[in-house]
Amino acid sequence: MSPEVTLHRISPELRPLLSSVVRNGRVGLDSTNCLRVTDLKTGCTSLTPGPCCDRFKLHIPYAGETLKWDIIFNAQYPELPPDFIFGEDAEFLPEPSELPHLVQWDSGDPECLLQLVKELLQQYHHYQCQRLRESSRLLFEYDSLLEDPNYGRNMEIYAGRKNSWTGEFSARFLLKLPGDFSNIPVYLLKDTAVDPGEDVALLSVSFEDAEATQVFPKLYLSPSIEHALGGSSALHIPAFPSGGCLIDYVPQVCQLLNNKVQYVIQGYHKRRETFIRHRPCLLTRKGVVEYDAEGFTKLTLLLMWKDFCFLVHVDLPLYFPRDQPTLTFQSVYHFTSSGQLYSQVQKSYPYSPRWDGNEMAKRAKAYFKSFIPQFQEGAFANGKL
Amino acid sequence: MAASISGYTFSSVCYHSANSNSDHEGFLLGDVRQEETVSISDTQISTAESVQVVEIHNHDPCAKLFSFYDYAGKLNEENLNSILKDRRKNVIGWYRFRRNTQQQMSFREQIIHKQLTELLGVPDLVFLLFSFISTANSSTHALEYVLFRPHHSRYNQRITLTIPNLGNTSQQEYKVSSVPNTSINYTQVIKEHGAEFFDKDGVMKDIRTIYQVYSALQDKLQAVCGEVEQSERVKENIQEDVNKLKQQIALRKRKTAEEERRLLEAQNADSHPTPEENTEPSDASPLSRIAFQTPSAPERPSTSPNPPSYSDLLAQGDSLPSSSSPTTSAALLPRPQAVGSPGHPITPYLGNGDGSSSDSLDRQAAGQEDDDDEEDEDEDEDEDSSEYENLVSEAGHLPMVSTSGLAQGRPAALGPDGDARGSQAT
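Read on for an overview of the structure.

Definitions and cut-offs
- Residues numbered from 1 in each chain as written.
- Chains lettered and ligands numbered in written order.
- Predicted model: local features only at pLDDT ≥ 70, side-chain atom pairs only at ≥ 80, totals over all residues.
- Heavy atoms only, no water.
- Helix = DSSP H or I, 4+ residues; strand = E, 2+ residues; numbered from the N terminus.
- Buried < 20%, exposed > 50% of the residue type's maximum accessible area, 1.4 Å probe, protein only.
- Contact = heavy atoms within 4.5 Å.
- Areas by Shrake-Rupley, 256 points an atom, 1.4 Å probe, with all protein chains shown as cover.
- Pairing = 2+ DSSP bridges.
- Axes fitted to C-alpha atoms, helices over the stretch in contact; angles between N-to-C directions.
- Arc of directions from axis to C-beta.
- Polar contact = N/O pair within 3.5 Å; in protein donor to acceptor, adjacent residues only side chain to side chain.
- Buried area = accessible area lost by both parts, 1.4 Å probe.
- Salt bridge = Lys/Arg side-chain N within 4 Å of Asp/Glu carboxyl O.
- Nonpolar A, V, L, I, M, F, W, Y, C, P; charged D, E, K, R; others polar.
- Phe/Tyr/Trp six-rings, centres within 6.5 Å; stacked < 30°, edge-to-face > 60°.

### Some remarks on the overall build of chain B
Okay, step 1: What chain B contains, in helices and strands, is 12 helices and 8 strands.
Okay, step 2: Sorting the 426 residues of chain B into buried and exposed places 34% on the buried side.
Okay, step 3: Looking at chain B alone, contacts between residues at least 24 apart form 66% of all its contacts between residues at least 6 apart.
Okay, step 4: Accessible surface computed for chain B: about 26400 Å², of which carbon and sulfur atoms make up 54%.

Given below as structure tokens:
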């Protein structure tokens, strides 16, 4: 249910409260997933004219799970605070005195409901941590992480239900990995209406048994980080070592991620530097058809050699300068049998990552001069005008 | 643990809830009693099963939400007392109605329930949750209700709630509720008019009267039983006397018949048989032969002065020559008759339901003995002739029997038309 539909059906007096939930509602570590509202119902008689919905189900991402809490208002008494049903967690009973936004409920404050949900979630986290006491091994994992300020404050725990057959107890740890992702290249999502949110890397470690013999880690990255690193499969984290513990494993993953990110950032800056350095030339030469002004990954030049015009597409890879750029030569006169412009891709040409920008430009130019005659012959031979 | 709610309380809560435009809550009043069932079976001596039964008699709705608790769910005892007043001791639970929600205790309900249990001092306080679930197009509305009995921080324990007499009472017993009638008006009316119907012990007067009638009837019945017993004994004695007399009569007859036979034999042996003398028997013989061609039934001794009894006839039948014994034995046996048919019943048992124990055949024989001298017996004879038609037709081809030994003791022979007199030759 989209936020607009939700807000349209909700009782007008409750609309401001819900608006902040569906539009700005991000709770917990996973800020990429918003709070969702479904199952809008009413507590009024069926003869009451709408919109009069005053109770709904709120989906809250938490520790890799989705909590489904029922929130019950009364449209006839919108000033009253809501009631909650915590779904399958029937034993979760928060302490009301530790919910200040409930004790001093202010229906006029649009943020009141969102704040109350956050407070409830905090208590839910405590409740789940308490449940870890059923396994000393997992409790140890939790306590050791809690002591580390890097991870202790950004941790969500979901203690699963015991398997009634095997009696096994399982748990999931969701940790927000500390790191500086501020210099990650900006990534625009396809749906520009959705705010991609803060850049975050989350490590989820699932313990399928209380003795930590079956442990499954997984890394979740926000869209911009994932894109910057080259996709979801670009970064492979190591498997959880047998007999290992989280306090050793998590920093290891964190280090790996940060290294990768830094590498990517460096590559980006290098590319950017290369482009900026040559911007005057690029601009004045008038040979530049186009170039990626944000990611600095692509450059297209229109060159001429002895009255033979051709295009050169320069693709700077993600890990430039470590990885060699790809040069694609394209004829402006000749077509292939499939109707495309005749082109040749060159990946192996003299190159060294240790060259600076000027050297790279100079060497590229020399290479063009040596390769173009060959390209021209090929174009005439294999292409058609 | 079991629970029941009276029909009127349930319907009243539903009515309140259905007409409420928001969530609605109130208190449940009633009693908690312990029921112990002792059952005895073949496998064990006895089993005692103890069940706690919660009976909901009434409800007390709250005027609005949050009337006795604050936003955090903390109870306000003062407000609670002002709502409940003197009914506080009767509170056994509370209820809540909320539309389109899950059948599960909510966060605030659990907080309130915990405090109510402590404050009211009811360890097994119950919580009744009503909910209307409506379909999207409002075509169907389902009223759902669940009774919770939270126990030791477990808020999802449910108990079955029954509504007495909500069902097919034509097949089930209509249960009288044990709910005490707390209506003041009812008490006043009964007090005012009760004396006309109830005696000083609180028992309805009519019941006593009926019981007295019953007792009197029982006494009378006992007396009649005694009288019947006495009369039966007297009758039994009389019957014995009658049987003895009959035996004597039969004996006498036998003796008489024997003597006559001897005399006859003696006469025949002494005198020479003359034609004239032989004409009589020869004249008589065709007649008697004719008579014998239509065999007679043993129950027709009307022409002889002392018609033989049934047992006598049976004895005769046994003593007759073998050539005739099948005939007479067949003739002696009466045709069975259905009950209620005209004529004399021929039941083989003693007693025919009216207290008399006489054998029907004896009775018949006795009746015929009594009517021996009467001339107008045609009706009886006709009735009897209808009984013995079969015997007559069956025995129509029977061989001739010598008349000498049978002339005297031969019962009346019947023709097919029932003309017994005419066939009688003696």
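The structure having been displayed, the exposition proceeds.
### Comments concerning the sheet that holds strand β5 (residues 155-159) of chain A
All names here are of chain A.
Okay, step 1: Strand order in this open sheet of 4 strands is β5-β6-β7-β8, and the pairing throughout is antiparallel. Edge positions in the open sheet fall to β5 and β8 (215-221), since each of these has one partner strand only. Looking at each pair of strands side by side, their axes are set apart by 15° on average, direction ignored.
Okay, step 2: Packed on one face of the sheet, helix α5 (residues 136-147) meets β5, β6 (171-176) and β7 (201-207) and runs near 15° to β6.

### Thoughts on the pairing of strand β10 (residues 298-305) of chain A
Residue and element names in this part refer to chain A.
Okay, step 1: With 3 bridges connecting them, strand β9 (residues 288-291) and β10 associate as antiparallel partners. Bridge pairing in β10 links glutamate 290 to threonine 300.
Okay, step 2: Examined bridge by bridge, β10 and strand β11 (residues 308-315) share 8 bridges and lie antiparallel to one another. When the bridges of β11 are listed, threonine 300 appears paired with histidine 313.

### Some thoughts on helix α2 (residues 77-84) of chain B
Residue and element names in this part refer to chain B.
Okay, step 1: For α2, the complete set of buried residues consists of Leu80, Ile83 and Leu84. Buried residues along α2 cover an arc of 85° about the axis, so they all sit on one side.
Okay, step 2: Its side-chain oxygen at 3.1 Å from the backbone nitrogen of glutamate 78, asparagine 76 defines the N-terminal cap of α2.
Okay, step 3: Positive phi appears at lysine 85, one or two residues downstream of α2, with a value of about 55°.

### Considering the interface of chain A and chain B
Okay, step 1: On the chain B side, the residues contacting the 32 residues of chain A number 26 residues.
Okay, step 2: Interface area, chain A with chain B, both sides summed: about 2500 Å², of which 56% is carbon and sulfur.
Okay, step 3: The largest per-residue losses of area from chain A upon contact with chain B belong to Asp83, Ile85 and Leu93 of chain A, which jointly make up 21% of the total buried on that side.
Okay, step 4: Across the chain A-chain B interface, the total number found is 1 salt bridge.
Okay, step 5: The closest approach of N and O atoms between arginine 55 of chain A and aspartate 23 of chain B, which form a salt bridge, is 3.0 Å.
Okay, step 6: Summed over the shared surface of chain A and chain B, the number is 13 residue pairs in polar contact (both at pLDDT 80 or more).
Okay, step 7: For the side of chain A that touches chain B, the secondary-structure elements that each account for two or more residues are β2 (55-62), β3 (65-72), β4 (83-85) and α3 (100-103) of chain A.
Okay, step 8: By residue number, the principal contributor to the side of chain A that touches chain B is β4 of chain A, which donates 3 residues.
Okay, step 9: Grouping the constituent residues of the side of chain A that touches chain B by class yields 17 nonpolar, 8 polar and 7 charged.

### So, the pairing of strand β12 (residues 326-335) of chain A
Residues and elements named next belong to chain A.
Okay, step 1: β12 sits mainly inside the fold: 7 of its 10 residues count as buried.
Okay, step 2: In the sheet, β11 pairs with β12 via 6 bridges, with the strands oriented antiparallel. Each bridged residue has a counterpart across the sheet, and for leucine 311 the counterpart in β12 is glutamine 330.
Okay, step 3: Bridge count for β12 against strand β13 (residues 341-346) is 5 bridges, and the pairing is antiparallel. In the strand pairing of β13, phenylalanine 329 is matched with glutamine 344.
Okay, step 4: Between the end of β12 and the start of β13, which pair antiparallel, lie 5 residues, with glycine 339 showing a positive phi angle near 90°.

### A look at the pattern of salt bridges
All names here are of chain B.
Okay, step 1: Inspection of every chain in the model, using the stated rule, returns 22 salt bridges over all chains.
Okay, step 2: One salt bridge in this structure joins aspartate 124 and arginine 149, with 3.7 Å as the shortest N-O distance. In this pair, aspartate 124 is assigned in the loop between α3 (107-120) and β5 (126-134) and arginine 149 in the loop between β6 (141-148) and β7 (158-159), connecting sequence segments 25 residues apart.
Okay, step 3: Accessibility expressed as a relative area gives 18% for aspartate 124, which makes it buried.
Okay, step 4: With a closest N to O distance of 3.9 Å, lysine 235 and glutamate 232 form a salt bridge. Separated by 3 residues within a single helix, lysine 235 and glutamate 232 lie in helix α5 (residues 205-270), roughly one turn from each other.
Okay, step 5: Under the relative-accessibility criterion, lysine 235 is labelled partly exposed at 24%.

### A few points about the environment of leucine 256 of chain A
All names here are of chain A.
Okay, step 1: With respect to the element layout, leucine 256 can be found in helix α8 (residues 246-277).
Okay, step 2: Taking the relative accessible area as the measure of exposure, leucine 256 reaches 32% and is therefore partly exposed.
Okay, step 3: Each C-alpha atom of the pair leucine 256 and leucine 235 lies 8.8 Å from the other, and the pair is 21 residues apart in sequence.
Okay, step 4: Excluding anything up to four places from it in sequence, leucine 256 contacts Leu235, His236, Ile237 and Pro238.

### Things to note about the sheet that holds strand β1 (residues 36-41) of chain A
All names here are of chain A.
Okay, step 1: Strand order across the open sheet formed by 4 strands is β1-β2-β3-β4, with antiparallel pairing between neighbours. Each of the sheet's edge strands pairs with one partner strand only, and the pair in question is β1 and β4. Pairs of neighbouring strands in the sheet enclose a mean axial angle of 30°, with direction left out of account.
Okay, step 2: Note: β3 against β4, 3 bridges, orientation antiparallel. Each residue of the ladder has a partner; that of isoleucine 71, found in β4, is phenylalanine 84.
Okay, step 3: Its contacts with the sheet place helix α4 (residues 112-131) against β2, β3 and β4, and it is angled at close to 55° to β2.

### Let's talk about the packing of aromatic side chains
Okay, step 1: Counted according to the given criterion, the structure contains 41 aromatic pairs over all chains.
Okay, step 2: Here tyrosine 349 of chain A and tyrosine 351 of chain A contribute two aromatic rings whose centre-to-centre distance is 6.4 Å and whose plane-to-plane angle is 75°, an arrangement assigned as edge-to-face.
Okay, step 3: Considering the side-chain rings of phenylalanine 68 of chain B and tyrosine 69 of chain B, the 5.0 Å spacing of their centres and the 85° angle between planes classify their relative orientation as edge-to-face. Tyrosine 69 of chain B matches phenylalanine 68 of chain B in its accessibility class, with the two residues each being buried.

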